[in-house]
Number of protein chains: 2
Amino acid sequence: MKIEMICTGEEVLSGQIVDTNAAWVANTLMESGYELSRKTTVGDRLEDLVQAFRESAARAELVIVNGGLGPTSDDLSAEAAAQALGEPLVMFEQWRAAMEQMFAARGRTMTSSNLKQAMLPTSAVVVDNPVGTACGFRVKLGDAWLFFTPGVPHELFRMVKEQLLPFLVDLDPNSGGSVTVHKLLTLGQAESAMANDIDEIVMACPDGVSIGYRASMPHIEVKLFHRARVDETQWQAYLAEVRRVLGDSLVGENQKSMGEILHSLLVDCGQTLALAESCTGGMVADQLVTQAGSSAYLLGSLVTYSNSAKQSQCGVRADTLAKHGAVSLETVAEMAAGARRALGSDYGVSVSGIAGPDGGTEEKPVGTVCFCVCSDRGRWSQALAFGSGGNRSRTLIRKLSTAVALDMLRRHLLGLDPVADYPFLTRIEARRG
Amino acid sequence: MKIEMICTGEEVLSGQIVDTNAAWVANTLMESGYELSRKTTVGDRLEDLVQAFRESAARAELVIVNGGLGPTSDDLSAEAAAQALGEPLVMFEQWRAAMEQMFAARGRTMTSSNLKQAMLPTSAVVVDNPVGTACGFRVKLGDAWLFFTPGVPHELFRMVKEQLLPFLVDLDPNSGGSVTVHKLLTLGQAESAMANDIDEIVMACPDGVSIGYRASMPHIEVKLFHRARVDETQWQAYLAEVRRVLGDSLVGENQKSMGEILHSLLVDCGQTLALAESCTGGMVADQLVTQAGSSAYLLGSLVTYSNSAKQSQCGVRADTLAKHGAVSLETVAEMAAGARRALGSDYGVSVSGIAGPDGGTEEKPVGTVCFCVCSDRGRWSQALAFGSGGNRSRTLIRKLSTAVALDMLRRHLLGLDPVADYPFLTRIEARRG
């Protein structure tokens, strides 16, 4: 089935907001086995909308239109649809009543501007919006269905899942529907999509499996789209091969982030964590606190950005700082142990590094970062060289540092060696104890 | 001048990457006085590209094409341009030599796949790419110029600034070029774009000034596009009116973030800061550490997520926690004072709140957050009710908390009352001392 999408709105066209709705819709379609063939973005001019509707309807069988269903004067999607169809706009009493009920339930009176939201082309079929005043609708223009959806993200998401996807199955029972997605979160893969490892995975790919990836630095997520007709044994063998190729860079499967992964592990083991952060400046803690319920294990993070704070909060010795510097295996070891002692936790994790762009030396250039994880079972430290320049910005170095710190803890919790061999990250030194 | 943009690539079309290039280009054009009239996104199919090039060229005077200039088999922009033009692809020796030099300078040998990047339609005019192997080029298709740009963001950005914008001025010396943008960062404005305050600003807008806004929660950035022909006195009067209307919600002008604003203020005053964070979990520190050079003033942040950490690290009294709870004016006051004392800083800032979705009570529902800022000059605390549900997620509550904490410090540094009246945020209580 040929599907196009039309995104409306000056803010999207002019780049004042990044169009995450379109990415979400495309992604959701793909995960359900459908593909977009084109996406058009137009502003709030009536003639541009009418032209775009007609052009897309001439090419595709289904056109998903997003936005322009609100109560204000620049919301023109219904009017443009009526013009494209050559039909008048009429009041849909069914939706008017639904809106009145919605307002009453919130103890408010409906304003006259909302009445506009019940004015649809004569031939429209209303598509329910249980969470907002903008109803969706669909109309047939030539051979194509135009399916109108609201611009407010959570209203759109719900309408796509509850109304659009079932409608697609009705339209063509043989298309889509049979795809599952297996997501592999990687760390320390090359930033280029054409990394050899990923190429190798693509080449070994059996029939019925297709591959996508999403770069979300410092991670690359590899997505395997797996159709029902793929043989289960062959699928498992392929998955094993993918795991082998990715090696230590594979940090999670079907989980969104390091924060989510660590959250599950820590909740499950019932033990507690203390952090000591320097260059990451609170980012490691933030990844965990983002998860609701993180208070079950996270006692705190000592963001000791200055040397004096490293001494007073983590008990790093003045002598260690003087002799080895703030970015050293010795300092991170004392930071992790100190945070663990100060907060009384089972696990301690620390990071200290040079995020740049200044502060590098010949011996320790920008991008040098030291890590330590410790527990009753021992202490592991390492120094990595992330490099700098190009797109290795201060932010990327800090994000990489956060991910590696969390991955060392992940590996330790799973009984693996906390010091991993990431394919595209350079290790300077590692130390146990 | 009518300008369209065509974005190419399956990853963009399928939502595997969000199209930030297009937003950046549209934004940059707008700030230079040009407007996009349409944006089309197509995948890596040759016939789709050819069709899109022809359609856009029939409607617009300039078509900016992004992506598809790389060395791999799915990079088809040059080939599609040649087909749309009815011309062969020929080797451009000038670019081939430039690429060879680039590889030599990096001590590498050029691979044969890169040769493809010097194959352009006969009538192409090469557009230099000083930072990559994908040269840009432009061709005339009918009455329109197609201007091809690379997909790698930093290569694109440089080509747009150094080559595309001057070309636009050449094309039409009277268009664009004369716009300056004045950006107003707001906090505590309603999330709806149709907030009364912003409507009021739009209505008072003089000729030659246009308005855009960008929601980047928890902030809304209001952008005033100001053409050279606007009278300076009138402009200043308008600006004063805008400032009056925005009131306390105006937190910065022509600055990107609270972190950047505080960074400048703290670097300028030469004084130091200690933080104590609970629900923000390191986010306040992170906003500052993101700025290079933040070590000049940030001594550290005590992310005391547990009650025991609040006691051991910030010296909050057990009695205070028992009597008033972790989310109270009393606790945040002791946290701020304690962090300031422990790290020996000039300023102390603290946050403690209920980010949800669980942990709320009838007395202190989810979204209740307490703040304190202190220094030699005194101590100010307040409790705000951010609410929850709808789009007031855990993340938004934490981001709002971070912004308010930084804004209290900003106001204190500027000699204003740290307790501000934000138009759309509810204050429960405030206390001085």
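Conventions and cut-offs
Each chain has its residues counted from 1, running along the sequence as written. Lettering of chains starts at A and numbering of ligands starts at 1, both following the order in which they are written. In keeping with the model being predicted, local features are shown solely for residues with a pLDDT of at least 70 and side-chain atom pairs are shown and tallied solely at 80 or more, while totals for entire chains, interfaces and linings include all residues. Only hydrogens and water are removed before side-chain values are computed, so all heavy atoms of the structure are retained for them. Secondary structure follows DSSP: runs of H or I at least 4 residues long count as helices, runs of E at least 2 residues long count as strands, and numbering of each begins at the N terminus. Here the term buried applies to any residue with accessible area under 20% of the maximum for its type, exposed to any over 50%, and partly exposed to those in between, with areas from a 1.4 Å probe on protein chains only. Surface accessibility in these figures is a Shrake-Rupley result with a 1.4 Å probe; residues are shielded only by whichever protein chains are displayed. Under this rule, positive means Lys or Arg and negative means Asp or Glu; His and the chain ends count for nothing. Throughout, a charge is located at the NZ atom of Lys, the CZ atom of Arg, the CG atom of Asp or the CD atom of Glu. C-alpha atoms of residues with pLDDT of at least 70 in both copies form the basis for the least-squares superposition of the copies. Only heavy atoms enter the contact rule, under which two residues are in contact if any of them lie within 4.5 Å. By definition, a salt bridge exists where a carboxyl oxygen of Asp or Glu is found within 4 Å of a side-chain nitrogen of Lys or Arg. Two strands make a pair as long as DSSP finds a minimum of two bridges between them. All axes are obtained by fitting lines to C-alpha atoms, using only the stretch in contact for helices, and the reported angles, taken between N-to-C directions, cover 0 to 180 degrees. Where each domain starts and ends follows an automatic or database-derived domain assignment. Summed over both partners, the accessible surface that disappears when two parts come together, traced with a 1.4 Å probe, is what is meant by buried area. Each residue gets one label: Ala, Val, Leu, Ile, Met, Phe, Trp, Tyr, Cys and Pro are nonpolar, Asp, Glu, Lys and Arg are charged, and the others, such as Gly, are polar. To sort the angles, those under 35 degrees are grouped as roughly parallel, those over 145 as roughly antiparallel, those from 65 to 115 as roughly perpendicular, and the leftovers as oblique. Any pair of N or O atoms that falls within 3.5 Å is considered a polar contact. Within protein, one atom must be able to donate a hydrogen and the other to accept it, and sequence-neighbouring residues count only if both atoms are side-chain atoms. UniProt positions are given in the numbering used here, feature names are shortened, and annotations may be inferred rather than shown by experiment. Should the near helix be turned anticlockwise from the far one by less than a right angle, the crossing is left-handed, and should it be turned clockwise, the crossing is right-handed. Working rule for helices: expected span equals 1.5 Å times residues minus one.

Caption draft 1: Fine view of the overall build of chain A. Counting its regular elements, chain A contains 15 helices and 18 strands. The burial tally for chain A puts 57% of its 433 residues in the buried class. Split by element, the accessible area of chain A, about 16,800 Å² in all, is 49% carbon and sulfur. Side-chain charges of chain A comprise 39 positive and 50 negative groups, with the mean position of each set lying 5 Å from the other.

Caption draft 2: The relation of the copies chain A and chain B, seen in detail. Superposition record for chain A on chain B: RMSD 0.2 Å, screw rotation 180°, translation along axis 0.1 Å. Overall, the copies show the geometry of a two-fold rotation axis. The share of interface residues of chain A whose copies in chain B are also at the interface is 98%, consistent with both copies meeting through the same surface.

Caption draft 3: How the structure looks around the pattern of salt bridges. Across all of its chains, the model carries 38 salt bridges over all chains by this definition. Residue arginine 45 of chain A is joined to glutamate 35 of chain B by a salt bridge in which the shortest nitrogen-to-oxygen separation is 3.6 Å. With arginine 45 of chain A in the loop between strand E2 (36-42) and helix H3 (46-59) and glutamate 35 of chain B in the loop between helix H2 (20-31) and strand E2 (36-42), this residue pair bridges two chains. Overall, the relative accessible area of 26% leaves arginine 45 of chain A in the partly exposed class. Residue glutamate 35 of chain B is classed as partly exposed on the basis of its relative accessible area of 47%.

Caption draft 4: Examining the sheet that holds strand E9 (residues 179-187) of chain B more closely. Residue and element names in this part refer to chain B. Pairing is antiparallel across the open sheet formed by four strands, whose spatial order is E10-E11-E9-E12. Since the sheet does not close on itself, it has two edges, and those belong to strand E10 (209-216) and strand E12 (250-253), each with one partner. Strand-to-strand twist of the sheet, defined as the mean angle between neighbouring strand axes without regard to direction, takes the value 25°. Looking at chain direction, E9 and E12 are connected through three bridges and run antiparallel. Note on E12: the bridge partner recorded for threonine 186 is leucine 250.

Caption draft 5: The sheet that holds E2 of chain A, seen in detail. Read across the sheet, 12 strands follow the order E6(A)-E7(A)-E8(A)-E3(A)-E1(A)-E2(A)-E2(B)-E1(B)-E3(B)-E8(B)-E7(B)-E6(B) without closing on themselves; strand pairing throughout is mixed. Unpaired on one side and paired on the other, strand E6 (125-127) of chain A together with strand E6 (125-127) of chain B mark the two borders of the sheet. The mean inter-strand angle of the sheet, taken between neighbouring strand axes irrespective of direction, is 20°. As paired strands, strand E3 (residues 62-66) of chain A and strand E8 (residues 144-149) of chain A are joined by five bridges and run parallel to one another. Residue pairing for E8 of chain A: valine 63 of chain A is matched across the bridge by leucine 146 of chain A. Across the sheet, helix H4 (residues 77-85) of chain A is in contact with strand E1 (3-8), E3, strand E7 (136-141) and E8 of chain A; its angle to E7 of chain A comes to roughly 15°. Seen against the sheet, helix H7 (residues 153-171) of chain B touches strand E1 (3-8), strand E3 (62-66), E6, strand E7 (136-141) and strand E8 (144-149) of chain B and runs at an angle of roughly 165° to E8 of chain B.

Caption draft 6: Representation of the domain arrangement of chain A. Residues and elements named next belong to chain A. Parsing chain A into structural domains produces domain 1 (3-171), domain 2 (179-253) and domain 3 (258-432). A straight line from the C-alpha centre of domain 2 to that of domain 3 covers 28 Å. Contact with domain 2, which involves 16 residues of that partner, is made by 18 residues of domain 3. With both sides pooled, the region where domain 2 packs onto domain 3 buries about 1,300 Å², and carbon together with sulfur makes up 61% of that total. Between domain 2 and domain 3 we count one salt bridge in total. When the shortest N-O distance is used, the salt bridge between aspartate 248 and arginine 411 registers 3.5 Å. Among the elements of the structure, strand E9 (179-187) and strand E12 (250-253) are those that each provide at least two residues to the side of domain 2 that touches domain 3. When the residues that make up the side of domain 2 that touches domain 3 are grouped by side-chain class, the tally is eight nonpolar, five polar and three charged.

Caption draft 7: Layout of the interface of chain A and chain B. Contact with chain A, which involves 66 residues of that partner, is made by 66 residues of chain B. Around 5,100 Å² of area is buried between chain A and chain B when both sides are counted, 51% of it from carbon and sulfur atoms. The three residues of chain A that bury the most area against chain B are Gln16, Arg38 and Tyr305 of chain A, which together make up 13% of that side's buried surface. Taken together, the links from chain A to chain B amount to eight salt bridges. With a shortest N-O distance of 2.6 Å, arginine 398 of chain B and aspartate 286 of chain A are connected by a salt bridge. Along the lines of polarity and charge, the residues of the side of chain A that touches chain B split into 26 nonpolar, 25 polar and 15 charged. For strand E14 (residues 298-304) of chain A and strand E14 (residues 298-304) of chain B, the ladder comprises five bridges, and the chain directions are antiparallel. When the bridges of E14 of chain B are listed, valine 303 of chain A appears paired with serine 301 of chain B.

Caption draft 8: Summary view of the pairing of strand E11 (residues 219-227) of chain B. All names here are of chain B. Across the nine residues of E11, eight count as buried, placing the element largely inside the fold. Bridge count between E10 and E11: eight bridges; the pairing is antiparallel. When the sheet's bridge partners are listed, valine 209 is paired in E11 with histidine 226. Here E10 hands over to E11 after two residues, the two strands then running antiparallel side by side.

Caption draft 9: View of the packing of helix H12 (residues 307-314) of chain A against helix H14 (residues 329-343) of chain A. Residue and element names in this part refer to chain A. Direction vectors running N to C along H12 and H14 enclose 40°, while the axes themselves pass 9 Å from each other. By the angle between their directions, the pair H12 and H14 is classed as oblique. For the pair H12 and H14, the contacting residues are Lys310, Gln313 and Cys314 in the first and Thr331, Glu334, Met335, Gly338, Arg341 and Ala342 in the second. Residues belonging to the contact of H12 with H14 are distributed by class as follows: three nonpolar, three polar and three charged.

Caption draft 10: Focus on the side chain of asparagine 21 of chain B. All names here are of chain B. Within the element layout of this structure, asparagine 21 appears in helix H2. Owing to a relative accessible area of 9%, asparagine 21 belongs among the buried residues under this scheme. Only 2.9 Å separates the side chain of asparagine 21 from the backbone oxygen of glycine 151, close enough to count as a polar contact. When sequence neighbours within four positions are dropped, the list of residues in contact with asparagine 21 reads Asn66, Gly151, Pro153, Leu156 and Phe157.

Caption draft 11: Highlighting the UniProt feature "domain: MoaB/Mog" (unreviewed entry) in chain A. Mapped onto this structure's residue numbering, the UniProt feature "domain: MoaB/Mog" (unreviewed entry) falls at residues 4-171 of chain A. Annotated as residues 4-171 of chain A, this span is 45% helix and 23% strand, and its ends, taken at the C-alpha atoms, are 15 Å apart.

Caption draft 12: Structural view of the side chain of aspartate 75 of chain B. Residue and element names in this part refer to chain B. Within the secondary structure, aspartate 75 is located in the loop between E3 and helix H4 (77-85). Although aspartate 75 is buried, it forms no salt bridge, and the closest oppositely charged side chain is lysine 116 at an N-O distance of 4.9 Å. For aspartate 75, the side chain forms a polar contact with the main-chain nitrogen of glycine 70, separated by 3.5 Å. When residues no more than four places from it in sequence are discounted, the contact partners of aspartate 75 are Gly68, Leu69, Gly70 and Lys116.

Caption draft 13: Representation of the packing of helix H10 (residues 258-269) of chain A against helix H15 (residues 394-413) of chain A. Residues and elements named next belong to chain A. At a closest axis distance of 10 Å, the pairing of H10 and H15 adopts a crossing angle of 30°. Crossing geometry of H10 relative to H15 is assigned as left-handed. The segment H10 lies against H15, with Met258, Gly259, Ile261, Leu262, Leu265, Leu266 and Cys269 engaging Ala403, Leu406, Asp407, Leu409, Arg410 and Leu413. Of the residues contributing to the contact of H10 with H15, the split by class is 10 nonpolar, one polar and two charged.

Caption draft 14: Representation of H2 of chain B. Residue and element names in this part refer to chain B. For H2, spanning 12 residues, the distance from its first C-alpha to its last is 16 Å, which sits close to the expected 16 Å at 1.5 Å a residue. Burial within H2 is extensive, with 10 of its 12 residues counted as buried. N-capping of H2 is provided by aspartate 19, with a side-chain oxygen placed 3.4 Å from the backbone N of asparagine 21. With its phi angle positive at about 90°, glycine 33 sits one or two positions after the end of H2.

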